[in-house]
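Here's the letter readout for the chains.
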Amino acid sequence: MARPKNIKGKVWVIAGKDGLLVHDIDTDQIFHNSHLAVTDIEKMGQYAFGNLKGWEGFPEKVGKSDIIVVGKNFGCGSSRQQAVDCFRSLGVSAVVAISFGAIYKRNAVNSGLAILAIPSMEVKPPLQSGDEIELDLESGNVTDLTRKVVIQGNSASKVELDIYEAGGLFAYGRTLKT
Amino acid sequence: MGNTVIEKIIKNHTSDEVAPGKVVWMDLDLRSARDFGGANVVKNFEREYAGSSVGDRSKTFFTFDCVVPAKNVPYANNQQICRDFAEVQGIRVFDVDMGIGTHVLMEQGLVLPGLIVVGTDSHMNILGAVGAFGQGMGDQDIAFAFKTGKVWFEVPETVKVEVNGSYSPPSSAKDLILAVLNVLKTERALGKCIEFYGETIEELPLSGRITVASMATEMGAIAAFIPPGKEVLQFCGERSGKKKLTVMNADEDVSYADELAIDVEDLKPQISLPGRPDNVKPVDELAGTKVTSVFFGSCTNGRFDDFQTAANILKDNRVAAGVMAKAVPATKEVYGEMLKTGVLKILFEAGVIVSNPGCGGCASGQIGMTGAGEIQISTSNRNFAGKQGAGETYLASAATAAATAIKGQITNPLEFV
């Protein structure tokens, strides 16, 4: 059964002490290279944001179906899939960013983690940690249900939606006639 | 309207319509996995395609380069998982003695102009140095590529960067690309390809082209392309045994997403400040900053030319007391050349610790990690917090690193020329 293109969840705004979104969070801050030998997805969650100043305790605080909101160029750096899978491991349902690193974007799509880019989002975002938000992957709309604000993001491409709905690249691959 | 070179390369590998933003399925010429990511690729493959063969074993490789030879059991286990899989599948492994995968694939004559190559290394776009399309991908993409020989790809927009102007040693390709990175930052080329042109680029040797292409990753670019010149074509021809190589050019009426010209006339040595590769300043502004550690190597500056540059400066000099200087050749071939030419001896006598080939400290691998409070100058490509240890890392050229090693403080290499 296809997964829903509408996703609801509680927000974690990854901002600094100044309240501004953090940009260029690289894969070593998301999943440090000292844990690269980990291949078991269940064991990846505990290391999420383990090297991001001020967010080291994130895995203990985040709840199932929560949504992360970050700044520009999220996931730049390494091609490591663990930087995506650590969030899946924790049950995070989506990542919203101003923009994503190219490889990170691919890895998230292939892994079935919902992502949504909002290029127009301000560094001080109109939503706050704890808010309930809803993403519509098809239209790119992000609605802050707590504050009744709608922000327009990028809609997903057909292949991104197809892979997401199938549950990831491998599941999608089995539907192809090649 | 015409096509960029990148679009032309993609066109040659798909039957889908090729235009920026379109999603295509690309047929791959080569796909590789390494010791980081490799075990996950195998795990994904065995779970999803249990008992079946890889799509084309002659196009599929393992290249071990991060933790070589394995220094801990988890990495040793992961490498052995890859070797066992390779044996069953009949896939070639470039093992822990060979060096950095992207460099090995070029040295082996496997990567040629116009080919599309993917692997688990985010610096696969180094292959743009020989006019190939290289792209790093995650474990699932590569497992899928091992099986099907294809990947989905959103055709990126292309940025044209033209570099003109002449400069003299000790300034080098690294200083050039740091100067370009300082202009592009991580925004102008994010998610796009970069085609490099201009007389300064044309004159770069293969080692300099590798340095330039490797740093495209730090600009957030998908791939880099440098039109192959005479030296590159000769190298590829000799290594592959192919007499005729096809070289593609962009159409004249092509429209780029962004075009910029950068003048590097009289370029001075450049340096990236800790935390961000794109936070670039002239070395002179940082001169005098104390360092405790110096690293020569990585996929960006681990070629023979880089070690020779360092040796020319370190000859008859000593690494300053209290400084740990480390050198890691990119490949076994580079190491062999250092041995034959006496470069290794000069580095040894100057007090540099020389390791076997590989990535160095970039993936918590061999030598090159720093402790809290350490200040390192490195010829590698990334200095994100924690990437090369707990200390702070500056990025610079081999010449700047060598001069800095001698003085124990950040030094403009002009002092030693």
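Residues numbered from 1 in each chain as written. Chains lettered and ligands numbered in written order. Predicted model: local features only at pLDDT ≥ 70, side-chain atom pairs only at ≥ 80, totals over all residues. Heavy atoms only, no water.

Draft legend 1. Quick peek at the overall build of chain B. A tally of helices and strands in chain B yields 15 helices and 18 strands. Here the C-alpha radius of gyration of chain B, 21 Å, is about what a compact globule of 417 residues would show, namely 22 Å. Each principal axis of the C-alpha atoms in chain B carries an extent, and together these give about 60 × 55 × 40 Å. Classification of the 417 residues of chain B by burial places 64% in the buried group. Long-range pairs, those at least 24 residues apart, make up 75% of the contacts in chain B between residues at least 6 apart in sequence. On chain B, roughly 14,600 Å² of surface is accessible, and the fraction owed to carbon and sulfur atoms is 49%. Averaging the coordinates of the 39 positive side-chain charges in chain B and doing the same for the 50 negative ones gives two points 5 Å apart. (Helix = DSSP H or I, 4+ residues; strand = E, 2+ residues; numbered from the N terminus. Rg over C-alpha atoms; globule rule 2.2 N^0.38 Å. Buried < 20%, exposed > 50% of the residue type's maximum accessible area, 1.4 Å probe, protein only. Contact = heavy atoms within 4.5 Å. Areas by Shrake-Rupley, 256 points an atom, 1.4 Å probe, with all protein chains shown as cover. Lys, Arg positive; Asp, Glu negative; His and termini not counted. Charge placed at Lys NZ, Arg CZ, Asp CG, Glu CD.)

Draft legend 2. Main features of empty space enclosed by the protein. Under the defined criterion, the tally for this structure stands at four cavities of 30 Å³ or more. Taken as a whole, the largest cavity spans an internal volume of roughly 220 Å³. As for the largest cavity, its lining consists of 24 residues, of which Asn 73, Cys 76 and Gly 77 of chain A together with Thr 217 and Gly 220 of chain B are closest to the centre. The biggest single contributor to the lining of the largest cavity is helix α4 (residues 102-111) of chain A, with three residues. Of the residues contributing to the lining of the largest cavity, the split by class is nine nonpolar, ten polar and five charged. Space inside the second largest cavity adds up to approximately 170 Å³. Forming the boundary of the second largest cavity are 17 residues, of which Arg 34, Asp 121, His 123, Cys 362 and Lys 387 of chain B lie nearest the centre. (1 Å grid on protein atoms, 1.4 Å probe; cavity = no way out; pocket = protein on both sides within 12 Å on 5 of 7 lines; lining within 4 Å. Points joined across faces, edges and corners; volume = space filled by probe spheres on them. Nonpolar A, V, L, I, M, F, W, Y, C, P; charged D, E, K, R; others polar.)

Draft legend 3. Quick peek at the nonpolar core. Residues Ile 14, Phe 49, Phe 58, Phe 74 and Phe 87 of chain A together with Phe 62 and Phe 133 of chain B are the most contacted members of the largest nonpolar core, which totals 81 residues. The two domains that each donate at least three residues to this core are domain 1 (18-155) and domain 2 (158-263) of chain B. Each residue touching Phe 58 of chain A, except ones within four places of it in the same chain, is listed here: Trp 12, Ile 14, Ala 48, Phe 49, Ile 68, Phe 87 and Leu 90 of chain A. Judged by nonpolar contacts, the second largest core, of 62 residues, contains Met 98, Met 106, Phe 196 and Cys 299 of chain B. (Core = buried A, V, L, I, M, F, W, Y, C linked by side-chain atoms within 4.5 Å. Domains from an automatic or database assignment.)

Draft legend 4. Local environment of the interface of chain A and chain B. In this complex, chain A contributes 46 residues to the contact, which on the side of chain B involves 44 residues. Between chain A and chain B the total buried area reaches about 3,400 Å² when both faces are included, carbon and sulfur atoms providing 55% of it. Sorting the residues of chain A by area buried against chain B places Thr 39, Arg 106 and Phe 170 of chain A first, and these three jointly supply 22% of that buried surface. Applying the counting rule to chain A against chain B returns five salt bridges. The tally of links between chain A and chain B comes to 17 residue pairs in polar contact (both at pLDDT 80 or more). Element by element, the count of residues in the side of chain A that touches chain B is highest for α4 of chain A, at eight residues. Taken together, the residues that form the side of chain A that touches chain B break down as 15 nonpolar, 19 polar and twelve charged. (Buried area = accessible area lost by both parts, 1.4 Å probe. Salt bridge = Lys/Arg side-chain N within 4 Å of Asp/Glu carboxyl O. Polar contact = N/O pair within 3.5 Å; in protein donor to acceptor, adjacent residues only side chain to side chain.)

Draft legend 5. Main features of the sheet that holds strand β3 (residues 94-97) of chain A. Residue and element names in this part refer to chain A. The strand order β4-β3-β2-β1-β5-β6-β7 describes an open sheet built from seven strands, whose pairing is mixed. Each of the sheet's edge strands pairs with one partner strand only, and the pair in question is β4 (114-117) and β7 (149-152). Between one strand and the next, the sheet's axes are offset by a mean angle of 30°, whatever the strand orientation. (Pairing = 2+ DSSP bridges. Axes fitted to C-alpha atoms, helices over the stretch in contact; angles between N-to-C directions.)

Draft legend 6. Spatial organisation of the pairing of strand β5 (residues 116-119) of chain B. Residues and elements named next belong to chain B. Neither face of β5 is left uncovered, since the one carrying Ile 116 and Val 118 and the one carrying Val 117 and Gly 119 both have all their residues buried. By the bridge criterion, three bridges tie strand β2 (residues 30-34) to β5 in an arrangement that is parallel. Counted as the bridge partner of Leu 30 is Val 117 from β5. Sheet topology note: the β5/strand β6 (residues 133-136) ladder contains four bridges and is parallel. Bridge pairing in β6 places Val 118 opposite Gln 135.

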